[in-house]
Amino acid sequence: MSKHVARVATSCVACGCCEAVCPKNAIAVFKGVRAVVDENKCVGCGKCMRACPAEVIELVGRED
Ligand code: SF4
Ligand code: SF4
């Protein structure tokens, strides 16, 4: 499992850009409110972070 995982801040504007680029289907807009990451699927590639126009995604180390 990757050492990093994407994390979405509460200021997400639910645009869906992250969902469109994730190669693992690990991030999706939940109920039109904000994006949520499935940590079991996320491989920490950072594509969502680079695609986010609001810059509200960061990669953080997994707690293990
Ligand atoms: S870091 Fe990569 S795998 Fe994880 S949610 Fe973002 S695009 Fe998907
Ligand atoms: S790209 Fe950024 S602002 Fe848009 S849904 Fe994803 S996390 Fe939210």
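In the block above lies the structure referred to throughout.
Draft legend 1. Focus on the nonpolar core. In this structure, Val5, Ala6, Val8, Cys18, Cys22, Ala26, Ile27, Ala35, Cys42, Cys48, Cys52 and Ile57 together form the largest nonpolar core, which totals 12 residues. Counting residues per element, this core draws most heavily on strand E1 (residues 4–8), which supplies 3 residues. With residues near it in sequence (within four places) discarded, alanine 26 still touches Val37, Asp38, Lys41 and Cys42.

Draft legend 2. Summary view of the site of ligand 2. Neighbouring residues of ligand 2: 15 residues in total, closest Cys12, Cys15, Cys17, Cys18 and Cys52. Residues belonging to the shell around ligand 2 are distributed by class as follows: 14 nonpolar, 1 polar and no charged.

Draft legend 3. Structural detail: the site of ligand 1. Neighbouring residues of ligand 1: 13 residues in total, closest Cys22, Ile27, Cys42, Cys45 and Cys48. When grouped by side-chain class, the residues that make up the shell around ligand 1 number 9 nonpolar, 2 polar and 2 charged.

Parameters and conventions
- Residues numbered from 1 in each chain as written.
- Chains lettered and ligands numbered in written order.
- Predicted model: local features only at pLDDT ≥ 70, side-chain atom pairs only at ≥ 80, totals over all residues.
- Core = buried A, V, L, I, M, F, W, Y, C linked by C-beta atoms within 7 Å.
- Buried ≥ 20, exposed ≤ 12 C-beta atoms within 10 Å, placed from the backbone.
- Helix = DSSP H or I, 4+ residues; strand = E, 2+ residues; numbered from the N terminus.
- Contact = placed C-beta atoms within 7 Å.
- Near = placed C-beta within 6 Å.
- Nonpolar A, V, L, I, M, F, W, Y, C, P; charged D, E, K, R; others polar.

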